[in-house]
Amino acid sequence: QGTDVAFAGLKGDSSAPVEIESDKLEVNQAEGFAIFTGNVRVKQGPMRMAAPQMRVDQVAGGTGIERIHATGGVTLANGAEAAESREATYTVSTGEIVMTTDVLLTQGANTIAGQRLVFDIDSGTGRMEGRVQTVYKPGSGQ
Amino acid sequence: MAARHDNLHSRLVAWLKVILPLAALVVLSTLFLVSRTIDPSDAIPLAGVDVEDRAREPRMTAPTWAGLTDDGAALTVTAAEARPGQGGDSAPSATGLRARLETPDGSAADLVAATGRLDDAARLLHLGGGVVIDTTSGYHITSDAMTASLDQTDVKSDTALAATGPLGQIEAGSMRLTESPDKPGTYLLGFGGNVKLIYDPKQ
């Protein structure tokens, strides 16, 4: 079963410039992808994404970033709200983030846990699936 | 036969025998007046500067060097001018350097550098004075100095560099173009020393 999630806090802008910083970058020119390793941080508008390793796929046959695969424990933050999971895939062109395995969404004191979260940055809405558990602390705002 | 000299034909021939040689003499003499004066003293036009400079310092102009690395990449290097090493620094140096590295996977990288030094002992080509690399996959990298290995495909730069490419603009502290260790035949362009990439979807 799944739960629709509205996290206005995680709302971002998928057409804003993307900044990726890391210790190392290895570009496979022939197959058109690049692997960032070592404390990789992505910034796009208010959104921050951090992971030990990220693989960036180039737009097929064109220029620009098509998709970012973050692996090895991903944290996605935007102001006071954060989401964590083992892996995440952010498709820049559509603005959709898919976080998988042990997803934990926190907003202030409330948390939602599940196995898979599909989230649209531009609209700020998403859907959590897989053993969803919600911990709601009354009287703690929203 | 000698008596009848007075007919027209004989008189005409007699006169012509005098006039024609005289005319020839006149034409011949004026020939030298109208011809261009040839001044034997001015020698073949040769720039004296180059000759003295070359005598003092031997060099080659527009030398080319070509080689094949162990992994089968063709490296050709051309320069505007190359000088043998003098004094302590025995490595030959060159200016206005252009190098092209064609890797077996079909891609290629063109290097342009202001100066170059061939270190034959270490089988390295040091490029300096501002180096630009253009790869067929669309990467344009500018850096201060770079070292290209002559034996295997290994172009690296340890100075800060800026690059633009299909993924966006990249700033990094170092760069290295080598064959991938675990997948021979594929070539990786590595950046190190806190990399920063900026990509603007709106462009």
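Residues numbered from 1 in each chain as written. Chains lettered and ligands numbered in written order. Predicted model: local features only at pLDDT ≥ 70, side-chain atom pairs only at ≥ 80, totals over all residues. Heavy atoms only, no water.

K.L.:
How should the overall build of chain A be read in this particular structure?
P.N.:
Assigned secondary structure in chain A consists of zero helices and 13 strands. When its helices and strands are written in sequence order, chain A yields β-β-β-β-β-β-β-β-β-β-β-β-β. Taken against the 2.2 N^0.38 rule, which gives 14 Å for 142 residues, the C-alpha radius of gyration of chain A at 15 Å falls within 12% of a compact globule. Overall, the C-alpha framework of chain A stretches about 55 × 25 × 25 Å when taken along its three principal axes. Considering only intrachain contacts with a sequence separation of at least 6, the fraction spanning at least 24 residues in chain A is 38%. Total accessible area on chain A is roughly 6300 Å²; 52% of this is exposed by carbon and sulfur atoms. When the 12 basic and 17 acidic side-chain charges of chain A are each reduced to a single mean position, those positions are 4 Å apart. (Helix = DSSP H or I, 4+ residues; strand = E, 2+ residues; numbered from the N terminus. Rg over C-alpha atoms; globule rule 2.2 N^0.38 Å. Contact = heavy atoms within 4.5 Å. Areas by Shrake-Rupley, 256 points an atom, 1.4 Å probe, with all protein chains shown as cover. Lys, Arg positive; Asp, Glu negative; His and termini not counted. Charge placed at Lys NZ, Arg CZ, Asp CG, Glu CD.)

K.L.:
Which parts of the structure should I look at to understand the UniProt feature "transmembrane region" (unreviewed entry) in chain B?
P.N.:
Sites flagged by UniProt as "transmembrane region" (unreviewed entry) map to residues 12-34 of chain B. Spanning residues 12-34 of chain B, this segment combines 100% helix with 0% strand, and its end C-alpha atoms are found 32 Å apart. (UniProt positions renumbered as here; feature names shortened; annotations may be inferred.)

K.L.:
Sorry if this is basic, but what is going on with the nonpolar core here?
P.N.:
One recurring pattern in soluble globular proteins is that nonpolar side chains are buried together. If you look at the biggest cluster of nonpolar residues, it comprises 68 residues, and the most contacted ones within it are Ile20(A), Ile68(A), Ile141(B), Met175(B) and Phe191(B). A per-element tally of this core places strand E5 (residues 47-58) of chain A first, with five residues. Contact partners of Met175(B), with chain neighbours within four places excluded, come to Ile133(B), Ile141(B), Met146(B), Val155(B), Lys156(B), Ser157(B), Leu161(B), Leu189(B), Gly190(B) and Phe191(B). (Core = buried A, V, L, I, M, F, W, Y, C linked by side-chain atoms within 4.5 Å. Buried < 20%, exposed > 50% of the residue type's maximum accessible area, 1.4 Å probe, protein only.)

K.L.:
Help me understand the pairing of strand E2 (residues 18-22) of chain A in this model?
P.N.:
Each regular strand shows side chains that alternate between the opposite faces of the sheet. Residue and element names in this part refer to chain A. By the criterion of burial, E2 is predominantly enclosed, with four of the five residues buried. When E2 meets strand E4 (residues 33-44), the two strands line up antiparallel, connected through four bridges. The residue of E4 that forms the bridge with Val18 is Gln44. (Pairing = 2+ DSSP bridges.)

K.L.:
Explain empty space enclosed by the protein to me, please; I cannot follow it from the model alone.
P.N.:
Any empty space left between atoms is shown by rolling a water-sized probe over those atoms. Taken as a whole, this structure holds one cavity of 30 Å³ or more when the rule is applied. The computed volume of the largest cavity comes to approximately 60 Å³. Lining the largest cavity are Gln29(A), Leu101(B), Thr103(B), Ser107(B), Ala108(B), Ala109(B), Thr135(B), Leu177(B) and Tyr187(B). Looking at the lining of the largest cavity residue by residue, the classes come out as five nonpolar, four polar and no charged. (1 Å grid on protein atoms, 1.4 Å probe; cavity = no way out; pocket = protein on both sides within 12 Å on 5 of 7 lines; lining within 4 Å. Points joined across faces, edges and corners; volume = space filled by probe spheres on them. Nonpolar A, V, L, I, M, F, W, Y, C, P; charged D, E, K, R; others polar.)

K.L.:
It is not clear to me how the interface of chain B and chain A should be interpreted in this structure. Could you clarify?
P.N.:
Accessible area lost during the coming together of the parts is what is often quoted as the interface size. Taken together, the 25 residues of chain B in the interface contact 26 residues of chain A. Carbon and sulfur atoms make up 58% of the area that chain B and chain A hide from each other, which totals about 2200 Å². Taken as a group, Leu167(B), Leu197(B) and Tyr199(B) account for 28% of the area that chain B buries against chain A, more than any other trio of residues on that side. At the boundary of chain B with chain A, the tally comes to two salt bridges. Across the salt bridge formed by Glu19(A) and Lys196(B), the nearest N and O atoms sit 3.7 Å from each other. (Buried area = accessible area lost by both parts, 1.4 Å probe. Salt bridge = Lys/Arg side-chain N within 4 Å of Asp/Glu carboxyl O.)

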